[in-house]
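Per-entry structural report
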Amino acid sequence: MENLMILPSVEPKRFSWLNEYATDAEVITELPQREKKTLPFIEANTKAVELPHLKNECIVPVFSKDNELTISHPAFIETVAEAVSTFYNGETIESPEIRVSHIIKGRIPEAIHKPANQLLESDKTIYYERMMFCIEVPTIYETVEGNKLTLTVGGVRAYNHMNLYSKKSVERFKIFVGFKNLVCCNLCVSSDGFVEQLEVSNTSDLYLRVLEMLNRYNPAKHPHLMQTLGNTSMSEHQFCQILGKMRLYQALPQKIQRNIPRLLITDTQINSVAKAYISDENFGSYGSDIDMWKFYNLLTGANKSSYIDSFLDRSFNATEVAQGINAALHGDDRYSWFIG
């Protein structure tokens, strides 16, 4: 990428705080034995694509009023990848895993009068309205409750969150850094590792904002917080009561919902949590108590059915809910509605 400058204020200062959590985090420089991936990090209606496909076979949308280019999906991915390589210099960085959805089809001017069933592949144009990617850093990992978690950085681009019918303006992205559970490929996202609405005009600003996020994120503290979830369990009766309250939440009037911590999981996903509690081989606990780490993974597992544009918001909300209910089980009032 050309004309990029790294400001001194965001110079990587990695792991200067690790001593505080030294017993909870493990940072290594040799590539660990990788478990075989069998699941994508998001399912829903997405499909996997490779970066060359996005670069060579997809057009780049423009702002229609002035015909100015948007930042393309490949440019977004490559900018984040370069920031990750800079910040985690010396670590192993894997190639991006990319998922896309909502294909937008078009045709070249020469094929404008052809019937659709006579179009050749060379006559067609495509791009994807929504795209999400993850970049793993497998040499930074932790084990929580027997599950290996690897550091993962990624982002979401959803053109439906922008007005492409206007003149060029700031463009919106979502970026995150967290951990991927290799047992199930669930993503764990916390508040200091998530930028919900990143607005930039060019890839240079995007690069700097990614570095700022990575500098702010604490990859030792995050697994420590997740480990604490395994120290608390709830009975099957409490679990069922929480699921019932989650179902009630969806039907509450807005004025009542405003007084309760937000819950973004849908009714369909709540049903998935119930089914996984009975049948999931990794986190199911039917007939016995369930610890909050397993409950958290039931939530993040159900979230994999979300569309790309809402996935990260719900992933972060799953962390909020799991930690909030965990605190409520110890007497905190904020999430007490869900267990009362």
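Okay, so let's go over this structure. Every value quoted in this text rests on a predicted model; they were computed, and no experiment measured them.

Parameters and conventions
Residues numbered from 1 in each chain as written. Predicted model: local features only at pLDDT ≥ 70, side-chain atom pairs only at ≥ 80, totals over all residues. Heavy atoms only, no water. Core = buried A, V, L, I, M, F, W, Y, C linked by side-chain atoms within 4.5 Å. Buried < 20%, exposed > 50% of the residue type's maximum accessible area, 1.4 Å probe, protein only. Contact = heavy atoms within 4.5 Å. Helix = DSSP H or I, 4+ residues; strand = E, 2+ residues; numbered from the N terminus. Lys, Arg positive; Asp, Glu negative; His and termini not counted. Salt bridge = Lys/Arg side-chain N within 4 Å of Asp/Glu carboxyl O. Polar contact = N/O pair within 3.5 Å; in protein donor to acceptor, adjacent residues only side chain to side chain. Disulfide = S-S within 2.5 Å. Axes fitted to C-alpha atoms, helices over the stretch in contact; angles between N-to-C directions. Parallel < 35°, antiparallel > 145°, perpendicular 65-115°, else oblique. Left-handed = near helix turned anticlockwise from the far one by under 90°. Nonpolar A, V, L, I, M, F, W, Y, C, P; charged D, E, K, R; others polar. Phe/Tyr/Trp six-rings, centres within 6.5 Å; stacked < 30°, edge-to-face > 60°. Lys NZ or Arg CZ within 6 Å of the ring centre and 35° of its normal. Pairing = 2+ DSSP bridges.

On to the nonpolar core. Ranked by size, the top nonpolar core spans 74 residues in total, and within it Tyr88, Ile98, Leu214, Phe239, Met246, Phe295 and Ile325 carry the most contacts. With near-sequence residues (within four places) excluded, Phe239 lies in contact with Met234, Val273, Tyr277, Ile290, Phe295 and Leu298. One finds Val156, Phe176, Phe311 and Leu312 within the second-largest nonpolar core, a separate group that totals 13 residues.

Quick look at the side chain of Asp291 now. With respect to the secondary-structure elements, Asp291 resides in strand S12 (residues 290-291). Nearest to the buried, unbridged Asp291 among oppositely charged side chains is Lys294, at 4.9 Å. A polar side-chain atom of Asp291 sits 3.0 Å from the main-chain amide nitrogen of Trp293.

Moving on, we come to unusual backbone geometry. The residue Ala44 is not glycine, and still its phi comes out positive at about 45°. The residue Ala44 is located in the loop between strand S1 (26-27) and strand S2 (47-49) in this model. Its relative accessible area of 37% is what places Ala44 among the partly exposed residues. Non-glycine residue Cys185 carries a positive phi angle of around 65°. Residue position: Cys185 is located in the loop between strand S8 (171-181) and strand S9 (186-188).

Once that is clear, we can look at helix H8 (residues 292-302). Side chains three or four residues apart in an α-helix point the same way, a direct result of the helix having 3.6 residues per turn. Most of H8 sits out of view: nine of its eleven residues are buried. Of the residues making up H8, those classed as buried are Met292, Trp293, Phe295, Tyr296, Asn297, Leu298, Leu299, Thr300 and Ala302. Backbone nitrogen of Trp293 and a side-chain oxygen of the N-cap are separated by 3.0 Å at the start of H8; the cap is Asp291.

The next point concerns the state of the cysteines. Within the structure shown, the criterion is met by zero disulfides. Summary of cysteine pairing: Cys134 is not part of a disulfide, and the nearest cysteine sulfur, belonging to Cys185, is at 9.1 Å. The exposure class assigned to Cys134 is buried, which follows from its relative accessible area of 2%.

With that settled, consider the pattern of salt bridges. All chains considered together, the criterion is met by 14 salt bridges. One salt bridge in this structure joins Glu121 and Lys124, with 3.1 Å as the shortest N-O distance. Accessibility expressed as a relative area gives 37% for Lys124, which makes it partly exposed. With a shortest N-O distance of 3.1 Å, Glu320 and Arg262 are connected by a salt bridge. Taken together, the residues Glu320 in helix H9 (residues 308-329) and Arg262 in the loop between helix H6 (254-257) and helix H7 (267-279) connect sequence positions 58 residues apart. The class of Arg262 is partly exposed, set by a relative accessible area of 32%.

As a further point, take the packing of H8 against H9. Axes are the key here: two packed helices are described by the angle between their axes and the distance separating the axes. H9 packs onto H8 with a crossing angle of 150° between their chain directions and a minimal axis gap of 9 Å. Relative to H9, H8 is oriented roughly antiparallel. Crossing angle aside, the handedness with which H8 passes H9 is right-handed. Across the interface between the two elements, Met292, Phe295, Tyr296, Leu299 and Thr300 of H8 pack against Ala318, Thr319, Val321, Ala322, Ile325, Asn326 and Leu329 of H9. Split into classes, the residues belonging to the contact of H8 with H9 amount to nine nonpolar, three polar and no charged.

Running from N to C, helix H5 (residues 236-251) and H8 cross one another at 35°; their axes reach a closest spacing of 13 Å. Seen along the crossing, H5 lies across H8 with a hand that is right-handed. Contacts between H5 and H8 involve Phe239, Ile242 and Met246 from the former and Phe295, Leu298 and Leu299 from the latter. Looking at side-chain class alone, the contact of H5 with H8 contains six nonpolar, no polar and no charged residues.

Quick look at the packing of aromatic side chains now. For the structure on display, the rule yields 13 aromatic pairs. Sitting above the plane of the Trp337 ring, Lys245 keeps its charged end 4.6 Å from the centroid.

This part is about the pairing of strand S5 (residues 97-107). Bridge count between S2 and S5: three bridges; the pairing is antiparallel. Within S5, the residue paired with Val49 across the bridge is Ile98. Note that S5 and strand S6 (residues 124-144) share ten bridges and pair antiparallel. Looking at S6, one finds that Ile98 is bridged to Phe133.

Purely geometric numbers; function is a separate question.
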